[in-house]
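# Structural features, examined
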Amino acid sequence: NKITKRDDFIPFSDLIFNRGLYRYSDKIYQEHAYEMSFISDRRLGSNAFDKLPALFLDEKPHDGNIYVQIYGRQNNERVYKWFRRDYLNDAQNLEKWKVIIPQANGSGAIGEVIATPLIGEPLIGHTETFLSIGSLNSETEAKAILKYVKTKFARAALGILKITQANTAEKWSKVPMQDFTINSDIDWSESISEIDRQLYNKYNLDKKEVVFIEEKVRAMA
């Protein structure tokens, strides 16, 4: 209530794109009809790299086409693959900065860490294994968001609704939006633990609440 009843409350979930953001374009179906006949829908599925190994490439070709990088998993490892830009839809944040997080994470226990969130540069997309946060104009904003999702404060608020592996946008709807620019009332240049202290003060958390968060939520570097 100290968070959501404030007049300035906006859910952080507004920044999070759910699954289905990155999809195959019409052109790939026209030029690779046989390969695409084995693909169930237009979304870049979690197994995209295995399903279309001839199109998701380890090395960037020099064939006159424009390529972007797609972030996903293969053989239980996180990897980037090169993919033709015209085989991909015009996803809203492809050409913007964003933060990439796993679509499923942990078990839903309060205080869990988020498995290796990272900054996605412009012209980097991802498979359905991941979700992305933001369609940002600057690396500075992306770095601030990356720190925010690592704070104990944000992950405690996430834990209100996240009771399973699912890490989808609606699970973040009790987490408050922040100003991630240099004009913010939070100094994002500080350490994550110091940002937590700023957030505790901003939302007037009492000593008992702070102790609960500090004890129950695991730290992230």
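Up top is the structure.
These remarks concern the structure in this document. Treat the numbers as computed from the prediction; the structure is a model and nothing was measured. (Residues numbered from 1 in each chain as written. Predicted model: local features only at pLDDT ≥ 70, side-chain atom pairs only at ≥ 80, totals over all residues. Heavy atoms only, no water.)

### Side note on unusual backbone geometry
A negative phi angle characterises most non-glycine residues, just as the trans form characterises most peptide bonds. The backbone of T116 sits at a positive phi, close to 45°, despite the residue not being glycine. Relative to the assigned elements, T116 resides in the loop between strand 4 (97–102) and strand 5 (118–120). Residue classification places T116 among the exposed positions, given a relative accessible area of 52%. For N204, which is not glycine, the phi torsion reads 55° and is therefore positive. Looking at where N204 falls in the secondary structure, it is placed in the loop between helix 6 (192–202) and helix 7 (207–216). Given a relative accessible area of 56%, N204 falls into the exposed group. (Helix = DSSP H or I, 4+ residues; strand = E, 2+ residues; numbered from the N terminus. Buried < 20%, exposed > 50% of the residue type's maximum accessible area, 1.4 Å probe, protein only.)

### A look at the nonpolar core
In terms of nonpolar packing, the biggest core is built from 35 residues, with F12, I133, I145, Y148, F153, W172 and V175 touching the most fellow members. Sorting the residues of this core by element identifies strand 4, strand 7 (130–136), helix 4 (139–150), helix 5 (152–158) and helix 6 as the ones contributing at least two each. With six residues, helix 4 is the single largest residue contributor to this core. I133 has contacts with F12, L15, I16, K98, V99, I101, I145 and V149, leaving out every residue within four places of it along the chain. By size, the runner-up hydrophobic cluster in this structure holds 20 residues, among which are A48, I70, F83 and Y87. (Core = buried A, V, L, I, M, F, W, Y, C linked by side-chain atoms within 4.5 Å. Contact = heavy atoms within 4.5 Å.)

### Thoughts on helix 4
The periodicity of an α-helix, 3.6 residues per turn, causes residues three or four positions apart to be oriented the same way. Given a rise of 1.5 Å per residue, twelve residues ought to cover 16 Å, and the 17 Å separating the end C-alpha atoms of helix 4 matches this to within 8%. What helix 4 keeps buried is the set E141, A142, A144, I145, L146, Y148, V149 and K150. Packing partners of the buried residues in helix 4 comprise strand 4, strand 5, strand 7, helix 5 and helix 6. (Expected span 1.5 Å × (residues − 1).)

### A look at the sheet that holds strand 5
Backbone hydrogen bonds are what pair the strands of a sheet, in a parallel or an antiparallel way. Ordered in space as 1-7-4-5, the four strands form an open sheet in which the pairing is antiparallel. Sheet topology places strand 1 (16–17) and strand 5 at the edges, where each strand pairs with a single neighbour. Pairing of strand 4 with strand 7 involves five bridges; the strand directions are antiparallel. From the neighbouring strand, W97 faces strand 7, where its bridge partner is L136. Of the strands in this sheet, strand 4, strand 5 and strand 7 touch helix 4, which is tilted by about 25° from strand 4. (Pairing = 2+ DSSP bridges. Axes fitted to C-alpha atoms, helices over the stretch in contact; angles between N-to-C directions.)

### Points about the sheet that holds strand 3 (residues 77–84)
Pairing is mixed across the open sheet formed by three strands, whose spatial order is 3-2-6. In this open sheet, the two edge strands, each paired with only one partner strand, are strand 3 and strand 6 (124–126). For this sheet, the mean inter-axis angle between neighbouring strands, taken without regard to orientation, is 30°.

### As for the pattern of salt bridges
Enumeration over the complete set of coordinates arrives at 18 salt bridges. With a closest N to O distance of 3.4 Å, E128 and R43 form a salt bridge. Taken together, the positions of E128 in the loop between strand 6 and strand 7 and R43 in the loop between helix 2 (33–36) and helix 3 (48–51) put the pair 85 residues apart, joining distant regions of the chain. Since its relative accessible area comes to 30%, R43 is described here as partly exposed. For E214, the salt bridge is made with K152, and the minimal N-O distance between the two is 3.3 Å. Here E214, found in helix 7, pairs with K152, found in helix 5; they are 62 residues apart in sequence, far enough to count as distant. Taking the relative accessible area as the measure of exposure, K152 reaches 13% and is therefore buried. When salt bridges with common partners are traced through the structure, they connect R19, D41, R43 and E128 into a single cluster. (Salt bridge = Lys/Arg side-chain N within 4 Å of Asp/Glu carboxyl O.)

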